[in-house]
Every structure is written in structure tokens, then in C-alpha cells.
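So you can see what is in the structure, the chains are spelled out below.
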Amino acid sequence: MNDKVIYSISELNHIIKTIIDSEISIKNIVITGELQNFKKSQNGHYFFRLIDKDSQINCVIYSYFDFYNYEFSFKDGDSIEAQGSLIFFNKRGEIVFSINRMTLCGDGEKLLRKKLLIQKLFNEGLFDQNKKLNIPKYPRNIGIITSKTGAAIKDIEKNINSRYKISQLYLFPTLVQGIEAKSSIINAIKKTKEYDLDLLIIGRGGGSKEDLSVFDEEEVVRTVYSLNTPVISAIGHEIDKSIVDLVADLSVSTPTAAAISAVPDENDLLEFLDISYNQLRSALNSKLSVYKKEIDSIESTRFFDGINNIIESINNKIENCEYLLLNNYKNTINLLKNTIISKEGLIESLNPQNTLNRGYSIITDTNGSIIKSISVLNSVEQINIHVSDGKTNFRRKL
Amino acid sequence: MTFEEKMKRLNEIMELINNSELSLEETINFYEEGKKLIIELKSEIKNAEQRITKIIE
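What this report covers is the structure whose coordinates are included nearby. Predicted, not measured: the structure shown is a model, and the values here were computed from it. (Residues numbered from 1 in each chain as written. Chains lettered and ligands numbered in written order. Predicted model: local features only at pLDDT ≥ 70, side-chain atom pairs only at ≥ 80, totals over all residues. Heavy atoms only, no water.)

Structural notes on the overall build of chain B
In terms of helices and strands, chain B carries 2 helices and 1 strand. N-terminal to C-terminal, the α/β element order of chain B is α-α-β. Scored against the burial criterion, the 57 residues of chain B give a buried share of 33%. Carbon together with sulfur atoms contributes 47% to the accessible area of chain B, which is approximately 3,800 Å² in total. (Helix = DSSP H or I, 4+ residues; strand = E, 2+ residues; numbered from the N terminus. Buried < 20%, exposed > 50% of the residue type's maximum accessible area, 1.4 Å probe, protein only. Areas by Shrake-Rupley, 256 points an atom, 1.4 Å probe, with all protein chains shown as cover.)

Considerations on the overall build of chain A
Helix and strand content of chain A: 11 helices and 13 strands. Classification of the 398 residues of chain A by burial places 34% in the buried group. Intrachain contacts of chain A at a sequence separation of at least 6 include 61% that bridge at least 24 residues. Split by element, the accessible area of chain A, about 25,000 Å² in all, is 54% carbon and sulfur. (Contact = heavy atoms within 4.5 Å.)

A word on the pattern of salt bridges
Under the defined criterion, the tally for this structure stands at 21 salt bridges over all chains. Taking the shortest distance from any N to any O, the salt bridge between K53(A) and D54(A) comes out at 3.9 Å. For K53(A), a relative accessible area of 79% gives the class exposed. According to the relative accessible area criterion, D54(A) is exposed, its value standing at 68%. Where salt bridges share partners, they join R140(A), K6(B), K36(B), E40(B) and E44(B) into one cluster. (Salt bridge = Lys/Arg side-chain N within 4 Å of Asp/Glu carboxyl O.)

Some remarks on the sheet that holds strand β1 (residues 29–40) of chain A
All names here are of chain A. If you trace the 5 strands once around the closed barrel, you get β1-β2-β3-β5-β4, paired in mixed fashion. Here the average twist between neighbouring strands, direction ignored, is 55 degrees. Of the pairings in the sheet, the one linking strand β3 (residues 56–61) to strand β5 (residues 94–104) comprises 3 bridges and is parallel in character. Bridged to C59 within β5 is F97. Contacting β4 (79–89) and β5, helix α1 (residues 9–22) runs over the sheet at an angle of about 135 degrees to β4. (Pairing = 2+ DSSP bridges. Axes fitted to C-alpha atoms, helices over the stretch in contact; angles between N-to-C directions.)

Regarding the sheet that holds strand β6 (residues 141–146) of chain A
The strand order β10(A)-β9(A)-β8(A)-β6(A)-β7(A)-β1(B) describes an open sheet built from 6 strands, whose pairing is parallel. Two strands lie at the open edges of the sheet, namely β10 (250–251) of chain A together with β1 (54–55) of chain B, each paired on one side alone. Pairing between strand β8 (residues 199–203) of chain A and strand β9 (residues 231–234) of chain A: 4 bridges, direction parallel. For L200(A), the partnering residue across the bridge sits in β9(A) and is V231(A).

Quick notes on the packing of aromatic side chains
Two aromatic rings, taken as a pair, are described by how far apart their centres are and by the angle between their planes. Residues and elements named next belong to chain A. Overall, the coordinates contain 7 aromatic pairs over all chains when judged by the stated rule. Aromatic pair Y170 and Y195: ring centres 5.8 Å apart, planes at 45 degrees, arrangement tilted. Of this pair, Y170 sits in strand β7 (residues 168–173) while Y195 sits in the loop between α5 (181–192) and β8; the two residues are 25 residues apart in sequence, bridging distant segments of the chain. In this structure Y170 comes out as buried when scored by relative accessible area, which is 13%. Here Y195 falls in the partly exposed class, since its relative accessible area comes to 29%. Put simply, the rings of F38, Y46 and F48 touch in pairs and so form one group of aromatic residues. In this arrangement the basic side chain of R92 is found over the ring face of F89, its NZ or CZ atom lying 4.9 Å from the centre. (Phe/Tyr/Trp six-rings, centres within 6.5 Å; stacked < 30°, edge-to-face > 60°. Lys NZ or Arg CZ within 6 Å of the ring centre and 35° of its normal.)

With respect to unusual backbone geometry
All names here are of chain A. At N28, a position not held by glycine, the phi torsion is positive, near 50 degrees. Within the secondary structure layout, N28 lies in the loop between α1 and β1. Judged by relative accessible area, which is 47%, N28 ranks as partly exposed. Here the phi dihedral of N37 falls at roughly 55 degrees; this positive angle occurs in a residue that is not glycine. Summarising the element assignment, N37 is placed in strand β1. On the basis of relative accessible area, N37 is assigned to the partly exposed category, the value being 32%.

Considerations on the interface of chain A and chain B
Size of an interface: often given as the accessible area lost when the parts come together. Counting residues at the interface gives 35 residues for chain A and 37 residues for chain B. Here chain A and chain B share an interface that buries about 3,400 Å² over both sides, 67% of which is from carbon and sulfur atoms. Linking chain A with chain B are 3 salt bridges, by the criterion used here. With its nearest N and O atoms 2.5 Å apart, the salt bridge here joins D274(A) to K42(B). For the pair chain A and chain B, the interface holds 11 residue pairs in polar contact (both at pLDDT 80 or more). Of all the secondary-structure elements, those providing two or more residues to the side of chain A that touches chain B are α4 (151–163), β7 and α9 (266–349) of chain A. Of the residues forming the side of chain A that touches chain B, the biggest block, 16 residues, is contributed by α9(A). Looking at side-chain class alone, the side of chain A that touches chain B contains 20 nonpolar, 5 polar and 10 charged residues. Note that β7(A) and β1(B) share 2 bridges and pair parallel. From the neighbouring strand, Y170(A) faces β1(B), where its bridge partner is K54(B). (Buried area = accessible area lost by both parts, 1.4 Å probe. Polar contact = N/O pair within 3.5 Å; in protein donor to acceptor, adjacent residues only side chain to side chain. Nonpolar A, V, L, I, M, F, W, Y, C, P; charged D, E, K, R; others polar.)

Overview of α4(A)
The end-to-end C-alpha separation of α4(A) is 18 Å, in line with the 18 Å expected for 13 residues at 1.5 Å each. Of all the positions in α4(A), only A152(A), I153(A), I156(A), N159(A), I160(A), N161(A) and R163(A) are classed as buried. (Expected span 1.5 Å × (residues − 1).)

So, helix α6 (residues 218–225) of chain A
Residues of α6(A) that are buried include every one of V220(A), V221(A), T223(A) and V224(A), and no others. Along α6(A), the residues classed as buried sweep out an arc of 160 degrees about the axis, all on the same side. (Arc of directions from axis to C-beta.)

This is the structure we're talking about:
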């Protein structure tokens, strides 16, 4: 018994800690498991368990590893890939896996990145409803970005052409899957800016969920957002929308729905125009009937009452005018009389008869024009000589 | 005027023409303008021919 080494718990835990801390094979390793009891403590650290079907291990993420917003990203039941090291807490005698990097497994990681990008773009305001452009009601030039050979272009063409032939369609063909899809779609979107488009439809060509990943690319999303043309997207599925769907001005689930949202139906329009014409006519008729009623009522009462009043008022005015006219007329006559008397003397003094009375005579031609010079006298055949008591005619002797 | 502008103006007229404070002359003017737009719009719809999609590569 004396050979026995007896350790205190502290000593034992210290030994365990030393072993664990020095064991390189358990440093910075990657483990995988299912997340359980994931929660944030008051001091900002996350404590939880990773489990598989037979075992479990306690885990911690210290708050200073702020590489993800964990609360937003993870939930219980998620399959996790975690990178970290084993540490031993002496006091509690507990082994904990301390994580410095954690991601979702497989598709989970892609979904996580998508969630984080959505959150980032949301915070920047790219999805704000008040930044959405209005979809024009009657677009003439419509651009379509989709695969040249897919089902989407056929569906869009068929539906738009059958509904609204006024539109002109422009197809900007693009790859929608594969490594070149991203640059292809960005180039196609940029090219639309060279055309005077009223509306742009972005559609997928059909296919699996994998095909849609290009529409979750940040650069693609930002290029769509930069457009001044209203965009209808028809990319995502009902449940899992692409980020381009979120940034588009209107998002629908199928290319056919995009076509129906893009243009009105000609038959509906013709019906609307017929209804409008009937409404115009009835508005005019009802206005005419209002006027007719007014005329009828004026004729029956107020109109003739009014006329009588007007006639009476005019009579009064005429009487007033007569009085004024008579007074003014007398004054005017007197004024004219005095003026005439004063002018008479002047006129009398200018009378040529007075000159003749004084012994002068006046020679005129046969037209009565006074002859004032010898040259005129020599040129005429006959003259009249006017004296105080009459005139006599003389003819030139030949 | 584009098709959209004509439709917009027609909608304006449809709202204005029912205003009871309009004079008869104004009502007649709106009626004439609306009628003209309706005739033009119907003609544009009926005469439109299906266009080939232009491919921009």
C-alpha cells in the first residue's frame, strides 16, 4: 500500500490538462456532428453540444471569435463542421472542444453564405420596397435575359405575343449554369443598358436548384440592382428564392407568370376602351340633361321674372338719359350758336363779292377756275369775267 | 404620344369628365378628346402585328 501514489483531484486534473494540452494530435482538428442546445451565454460565449448517433462532446465558441453572427446562422439540428482544439477545465474536470471556426456541412455552407449575403445586402438597403421601380403598364420594348435554348424564352415569347402584340421583344441570351454563367449573365445585363427598354425580364432556363446558384452571386445581384430599367425576375422556386428575385422590382415564380405580369391582355384593353367610351357618352348625356333641366326651370319661372326686371331697369335708365340728354343738348346748341355768330363775321369778310363790290373783277375759265397769270390766259379759248353785278363770256378772236 | 401616354391621358379624362363642376363646353371637349384617344388606341391594338424577337448577342 505504501507504494501507492495518491493524487488529489487537483493533481489529477492538472495531469490530464498537461496531457491534453501537449497532445498535438488533438490540436486544431476538424470534427463533424449535429448541433444541440445551441445558445449564447450572458458573457457572449456560445455553449452547446455536438453529437452523433453514439456520442457527444461539449463545445464552446468564445465571443472573441467573431467570424460569423452565430445566432443568426445556426440552429439546433444543423450538421456542423467545426475546427478547434480540446481543452480541459480543471475546476469542472470537463473536456470541452473549443471552436475557432464553424460552418454548415455540404449545401448547408452554401445556404449559410447565401443567408449572410442576404443579411448584408438587406442592411445596405438593396431590398427596400421604396427603391423598387414601378412596372410599366404598357411596355413597348421588353428585354429578356435567359438561355437562348431553354423553355423560358419560349414561354415568355408565346405569352407576350398572344397577349400584347404591340411589344417588341429583345433577347439577350446568357448561360445560366456552369463556370462561365456568372460573367455571361453580367455581360448580358450590362448590354441591356445600350437599349431603350421599358422593362427587363430575367428568367432561368428551368433545371435543378444547382442551376440557380449564379443568381445568388453578389456581383450578379449588384449588377441587377444598378439597372434603371424595371426588372421582373422569374428565377427562384416558391420556397427558395434567389437573391436576384429579392432585388428585382417584381418577382414571380415562372416565366409564364413573368409574361402575364409584364403586359396587359389586348382583349381586356379593348373591353376597357369600349366601357370607357360608354362612360364618356353617359357623362356627356348627363351633363346635357343637367343643362336642359336648368333651361326648363329658367323658362318657367326665373327667366321671365328676370326679363321684366331688366326691362324695368332699362326703362328707368332711358328716362334718366333723356333728362341728361335734353339739358346737355340745350347747352350744346347755345354754344354752337355763339360760335356760328362769331364765325359769320369772319366768313363775311372773306366773301369775294365784297371785293367785286369795291370795283375789282375776277377772270375765270369756263370751268370756273380763277385765272391768275398771263400764260394761263393765253392758253384758253374762252373766259368769263365776273364783276359786281354779274359775269360775261368772251371768246378769243381768231 | 406613346400608347402608354394615351392610356394615361384617357384615364385622366375618365376621372375628370365626371366632375359635376365642369362647364358644358369643357365636358364636350373632354368627350371629344377621349373619343379620339379611344379610336386611336383601338386602332393601334387591332393593327399591331406580331413581331419577331430581336436577338442581341
